[in-house]
Amino acid sequence: MGSLMALLAIMCIAALIATAPVAIAMSNFPLARPIVYGASLAASLALLIIALTVLTQPSGVPSVAVLPLGLPWLGAHFRLDVLSAFFLAVINLGAAGASLFAFGYGRKEHAPVRVLPFYPAFLAGMSLVVLADDAFTFLVSWEFMSLSSWALVMARHRERDNAYAGYVYLIMASFGTLALLLAFGILAGADGGYAFATIRAAHPSAGLAALVLILALIGAGSKAGLVPLHVWLPLAHPAAPSHVSALMSGVMTKVAVYGFVRIVFDLLGPPEWWWSMVVLALGGTTAVMGLLYALMQRDLKRLLAYSTVENIGIIFIGLGLALAFKGHGMEFAAALALTAGLLHVFNHSIFKSLLFFGVGAVLNATGERDMERLGGLIHRMPQTAFVFLVGCAAISALPPLNGFVSEWLTFQAILLSPQIPSWGLKFLVPAVGALLALSAALAAACFVKAYGVTFLGRPRTPTAERAQEVDQFSLTAMYVFAALCLVAGIMPGFFIDALAPVAQSLVGARMPFQSGIEWLSIVPIAQGRSSYNGLLVFLFIVSSGMIAAFAIHRLASDKLRRGPAWDCGYPDASPVTQYTADSFSQPIRRVFGAVVFAAREQVEIPPPGDLRPARLTAELRDLIWDWLYAPVAGGVMFSADRLNRLQFLTIRQFLSLVFAALVILLLVLAIWP
Amino acid sequence: MAVILDLTVQGAQMLLVLLLAPLLIGFVRKVKARLLRRQGPPLIQPYRDLIRLLRKEVVLAENASWLFRVIPYLIFAATWVACSLVPTFRTGLLFSWSADLIAIIALLGSARFFLALAGLDVGTSFGGIGSSREVMIASLAEPAMLMIVFTLALIAGSTQLSTMAGYMVSPAVGLRVSLGLALIALIMVAIAENARIPVDNPATHLELTMVHEAMVLEYSGRHLALIDLSASLKLLLYISLIACLFAPWGTAAPGAVPQALAIGAAAYIGKLAAGGFLLALFEISIAKMRVFRVPEFLGAALMLGLLATLLLFVSRNL
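Residues numbered from 1 in each chain as written. Chains lettered and ligands numbered in written order. Predicted model: local features only at pLDDT ≥ 70, side-chain atom pairs only at ≥ 80, totals over all residues.

**Q** Where do I start with the overall build of chain B in this structure?
**A** Assigned secondary structure in chain B consists of 11 helices and 1 strand. The N-to-C order of helical and strand elements in chain B reads α-α-β-α-α-α-α-α-α-α-α-α. For chain B, the C-alpha radius of gyration of 19 Å lies close to 20 Å, the compact-globule estimate for 318 residues. By its C-alpha atoms, chain B is 55 × 45 × 45 Å across when sized along the principal axes. Looking at chain B as a whole, 61% of its 318 residues qualify as buried. Of all intrachain contacts in chain B linking residues separated by at least 6 positions in sequence, the fraction that spans at least 24 positions is 80%. (Helix = DSSP H or I, 4+ residues; strand = E, 2+ residues; numbered from the N terminus. Rg over C-alpha atoms; globule rule 2.2 N^0.38 Å. Buried ≥ 20, exposed ≤ 12 C-beta atoms within 10 Å, placed from the backbone. Contact = placed C-beta atoms within 7 Å.)

Given below as structure tokens:
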């Protein structure tokens, strides 16, 4: 294999980067859009093919390349091993879909010059991160990805709140990169061995390794959206154009997961058992909190962004379990948990992209993303409604679609964990299981709301009433991803087998072969223990539904009459009498809101005879923001105010300040052991 | 030969649940009426209702979409498939390996997902109230159910329902605290999932108190028949589930002789009757609770399930 595959991948990425200046040069021509998106589509497909080739080739020898870039004594190392290949495939599958979607969606872009140059650069940045094989290249690519996505978030900088979203994103991204920089600094040690191969060979001491774990959790977690570092995500993801939102939510968060997996599973050496407790606790909290936030939203894109936070939580639960098993030397269980987490990485990238495409289609058709101003779109946009329904069912983990498979595997991994000897985990893992189960049920509630309020019912505004079905390119992209949801759901065995080399390389074991099992069943541990067959479940549901329909229409009655809605005899013609997004989530807000959001409801009923309408005011607070971010922001403002006085000193005071600083530094150097 | 026998048993089970489900509803109604010293409708009244509904034309709201018309078939299919995978008179069903207990719960979850969507489709306020309360109840009932599944799976060492049922008959089970907790939680979840008193009232026609009935308010004719049939299948499923896990006596083993199958069938009918009777007795002796007391009720079920799982993590013998 040698360096061929890595070089080919780098050439594709170079082509993507080269597209960016071309886009700037051509931005005034109408042809720029198809050229940029066409080039992005071609490059992503090429990268996808390269990644799949590496992932499925039996030899499994990583393909390595060193280019004379970057630090002169180091060069830029690239490596395409199975882990990189898997994430490269996830990235470029999403990128190909987004590029196809953008063929149609991008037509409505007001200022294409603010999107077109950064789009291929963003794709290139994400692919470079997973190829990087030294700390310098990794961090530069990471920052390149962050900044190009920041530029895309700021594409519509004149819209309300977008500038603020970009500001928060920039701060959190810099903070995350700083944490990663420190993590790599510790890993490289005093000698500065920045190549991953050197880092892999050196094992840091237990204390330093723990520090690296925390820094990796902060750095990668802030990019992925782990609670409480998620605050930028629901601001920034919705602000970008929809195909970029799909990439940021569906794909960029996965690059962050890659960063975490690469550092913790690969570079850091054998794990301590307690690492997994941190990861599991964070994952469980993230899963439930993300969904509770999502349920309270009425902006469709924000709802999807919060649901991304939830899914990241599920992925980290899988990774945490894998760490726990690996730390206790249970390789097979670790392989199962890791496969579950990585399969959810793939699945989430598929259905979250699909859902963002759907919202993009709605946005193009109506100009609205506030659910309270939509409704009844299933009549005007039947195809978008259908594919969006598939996405909603998949993300709600309903069988036989793909979301269920990865959650099922995670549950199977949890059921293996009583064998773990340590007591902390014995208490934590069942609680995490309960949180995972809670988030699965809440996800269904959340997406019933998202779909029901947006697509079902009656249109709430004239714009929703006049919506038009979207173009063919967007529909094709959505249909492809909906089909992938079904395929990955009914033949999960192939996807699990494709992940086997990744598990083998990271935890030293793999799940049993699934492709040989009859009827495409999956059997994670043993036949008598648990098995699931999506294909049969799908066929059973389809055939029994068809049999029922056929028998009833033949033997009983197939007559149908349209009439006014019954509504217990009191139908109201006005669409405002329908349930809204807020009223739909009111019961759940009442159950969980008092604790999680310090929610308060106030009812104002005017006295009899007064004609003012009654009012219900619900007040929700973001406690994480109030308790964690507001004090930090306040502290920064306060000290900035104080430090401001330094700028108005006399020259004498300045000189004495400089002198004092010099003396203190020299003293430190003298005293330092 | 064995495959043909297995196939026959599986087919027989699918037909049996379909035929018995309305009878179970009729039986519960009859017992409730007699306990209240009323005459009550005849046992076969649910069949008559279904046939009458099937023959009637569907009156569809003007605003109803294609999804509204597909959903009854989807719900019926998902519930029927789930129901035919729960052992009734014989364990080791032919297709039991295609979906374990987690998948069966998820299938019921799919049915509920689509039913809640149907409640929102026409765009009436009653449909919305039903859907939003249903998802609130489900968001607590489903995790409670999964915790129960965890408990049972940890005891039996399998999530496969047939293996679990087989293990429950064996003497290895013994008396366990966790099983008791799981049973109580399972009964609570079953009551909530089937929209029975005290969580919901299947007989109510007072709009503001309904959950399930409010969602299906706009359905008529064959669609309503399918949804009613699915609801009764779900009740049958939960009673069968409790019976095969907590009262597995008499159930025929795989490869049993015809006499054993007959005993199994008789035992199953007896268990259904006992379950139906207890349900009716429970329902007439308790009042419906306010809708915002339901989270406390289900929260208790969730905590019981979690406690049972935790006990098993601490020691395999509890």
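**Q** Can you help me understand the overall build of chain A in this one?
**A** Looking only at helices and strands, one finds 24 helices and 5 strands in chain A. In terms of overall size, chain A behaves like a compact globule, its C-alpha atoms giving a radius of gyration of 26 Å where 673 residues would be expected to give roughly 26 Å. With respect to the principal axes defined by its C-alpha atoms, chain A has extents near 90 × 70 × 60 Å. By residue count, 55% of the 673 residues in chain A fall in the buried class. The long-range share in chain A, meaning contacts at least 24 apart out of those at least 6 apart in sequence, stands at 80%.

**Q** Is there a simple way to explain the confidence of the model for chain B in this structure?
**A** Interpretation of this model should avoid reading the predicted coordinates in detail wherever pLDDT is low. Of all residues in chain B, 98% attain a pLDDT of 70 or more, and the chain-wide mean is 90. At the level of chain-chain contacts, confidence expressed as ipTM amounts to 0.95, with global pTM at 0.95. (pLDDT = per-residue confidence, 0-100.)

**Q** What is the right way to look at the interface of chain B and chain A in this model?
**A** Accessible area lost during the coming together of the parts is what is often quoted as the interface size. Taken together, the contacts link 75 residues of chain B with 72 residues of chain A. Contributions of two or more residues to the side of chain B that touches chain A are made by α2 (45–55), β1 (58–61), α3 (66–84), α4 (101–121), α5 (125–156), α9 (221–246) and α11 (294–314) of chain B. Broken down by element, the residue count for the side of chain B that touches chain A peaks at 18 residues, all from α5 of chain B.

**Q** It is not clear to me how the pairing of strand β2 (residues 76–80) of chain A should be interpreted in this structure. Could you clarify?
**A** Regular strands show a simple pattern: their side chains alternate between the two faces of the sheet. Judged by how many residues are buried, β2 of chain A sits mostly within the fold: 5 of 5 residues are covered. On β2 of chain A, burial covers both faces: Ala76, Phe78 and Leu80 of chain A on one face and His77 and Arg79 of chain A on the other are all buried.

**Q** Help me understand the pairing of strand β5 (residues 615–619) of chain A, please; the structure alone is not making it clear to me.
**A** Residue and element names in this part refer to chain A. Of all the 5 residues making up β5, 0 are buried; the element is thus mostly uncovered. One ladder, built from 5 bridges, connects strand β4 (residues 600–604) with β5; its direction is antiparallel. From the neighbouring strand, Val603 faces β5, where its bridge partner is Leu616. (Pairing = 2+ DSSP bridges.)

**Q** Quick question: what am I supposed to make of the packing of helix α12 (residues 300–327) of chain A against helix α13 (residues 331–366) of chain A here?
**A** Helix-helix packing: each pair is described by the crossing angle between the helix axes and the interaxial distance. Residues and elements named next belong to chain A. Between α12 and α13, whose axes approach to 7 Å, the crossing angle comes to 170 degrees. Taken as axis vectors, α12 and α13 run roughly antiparallel relative to one another. Considering only residue class, the contact of α12 with α13 consists of 17 nonpolar, 6 polar and 3 charged. (Axes fitted to C-alpha atoms, helices over the stretch in contact; angles between N-to-C directions. Parallel < 35°, antiparallel > 145°, perpendicular 65-115°, else oblique. Nonpolar A, V, L, I, M, F, W, Y, C, P; charged D, E, K, R; others polar.)

**Q** Would you explain the environment of Val288 of chain A in this entry?
**A** Residues and elements named next belong to chain A. You can see Val288 is positioned in helix α11 (residues 275–295). Val288 sits 25 residues away from Gly313 along the chain, and the two C-alpha atoms are 8.0 Å apart. Apart from residues no more than four positions distant in its own chain, Val288 is found in contact with Leu435, Leu438 and Ser439.

**Q** Could you clarify how one ought to interpret the nonpolar core in this entry?
**A** Most often, soluble globular proteins have nonpolar side chains that are buried together. One finds Phe86, Val255 and Cys485 of chain A together with Ile104, Leu117, Ala144 and Val189 of chain B to be the most contacted residues of the largest nonpolar core, which totals 372 residues. Discounting residues that sit within four places of it in the chain, Ala144 of chain B has contacts with Ala185, Val189, Leu298, Ala301, Leu302 and Gly305 of chain B. (Core = buried A, V, L, I, M, F, W, Y, C linked by C-beta atoms within 7 Å.)

**Q** How do you make sense of the domain arrangement of chain A when you look at a structure like this?
**A** When its domains are assigned, chain A resolves into domain 1 (270–551) and domain 2 (623–671). Taking only C-alpha atoms into account, the centre of domain 1 of chain A sits 48 Å from that of domain 2 of chain A. (Domains from an automatic or database assignment.)

**Q** Before we go on, may I ask you to explain helix α15 (residues 382–395) of chain A in this structure?
**A** Each full turn of the α-helix corresponds to 3.6 residues, which orients residues three or four apart in the same direction. Residues and elements named next belong to chain A. Relative to the 20 Å expected for 14 residues at 1.5 Å per residue, α15 spans 20 Å between its end C-alpha atoms, a close match to the ideal helical length. The element α15 is extensively covered by neighbouring structure, given that 11 of its 14 residues are classed as buried. Among all positions of α15, only Thr384, Ala385, Val387, Phe388, Leu389, Val390, Gly391, Cys392, Ala393, Ala394 and Ile395 are buried. (Expected span 1.5 Å × (residues − 1).)

**Q** Help me understand the packing of helix α1 (residues 2–35) of chain B against α2 of chain B, please; the structure alone is not making it clear to me.
**A** All names here are of chain B. Contact geometry of α1 with α2 gives a least axis separation of 7 Å together with a crossing angle of 125 degrees. In this view, α1 runs oblique relative to α2, as classed from their interaxial angle. Side by side, α1 and α2 meet where Pro22, Ile25 and Gly26 of the first sit next to Gln45, Pro46, Tyr47 and Leu50 of the second.

**Q** Just checking my understanding: could you explain unusual backbone geometry for this structure?
**A** Trans peptide bonds make up the majority, and among non-glycine residues the majority have a negative phi. Residues and elements named next belong to chain A. Omega for the bond connecting Val227 with Pro228 falls within 30 degrees of zero, at 5 degrees, which places this linkage in the cis form. You can see Pro228 is positioned in the loop between α8 (206–224) and α9 (233–239). Cis rather than trans, the peptide bond between Pro399 and Pro400 has omega equal to 5 degrees. Examined against the element boundaries, Pro400 turns out to sit in the loop between α15 and α16 (402–415). Even without glycine at this site, Cys568 takes up a positive phi of about 55 degrees.

**Q** What am I meant to see in the environment of Leu215 of chain A here?
**A** All names here are of chain A. Mapped onto the fold, Leu215 is located in helix α8. By the C-beta count within 10 Å, which is 23 here, Leu215 ends up buried. Each C-alpha atom of the pair Leu215 and Leu181 lies 8.9 Å from the other, and the pair is 34 residues apart in sequence.

**Q** Looking at this model, I keep getting lost on helix α22 (residues 581–596) of chain A. Mind explaining?
**A** The end-to-end C-alpha separation of α22 of chain A is 19 Å, well short of the 22 Å expected for 16 residues at 1.5 Å each. At Arg589 of chain A, α22 of chain A shows its maximal kink, close to 60 degrees. Regarding α22 of chain A, the residues found buried are Ala581, Phe584, Ser585, Gln586, Pro587, Ile588, Arg589, Val591, Phe592 and Gly593 of chain A. Of the surrounding elements, those touching the buried residues of α22 of chain A are α11, α17 (423–455) and β5 of chain A together with α5 and α11 of chain B. Ala598 of chain A occupies a position one or two residues after α22 of chain A and carries a positive phi of about 50 degrees. (Bend = angle between axes of the 7 residues up to and from the residue.)

**Q** So what exactly am I meant to see when it comes to the environment of Glu272 of chain A here?
**A** All names here are of chain A. Looking at the secondary structure, you find Glu272 in the loop between α10 (242–267) and α11. The class for Glu272 is partly exposed, based on 14 C-beta atoms found within 10 Å. Residues Glu272 and Lys326, 54 residues apart in the sequence, show an inter-C-alpha distance of 8.9 Å. Those residues in contact with Glu272 that lie beyond four places of it in its chain are Ala206 and Gly327.

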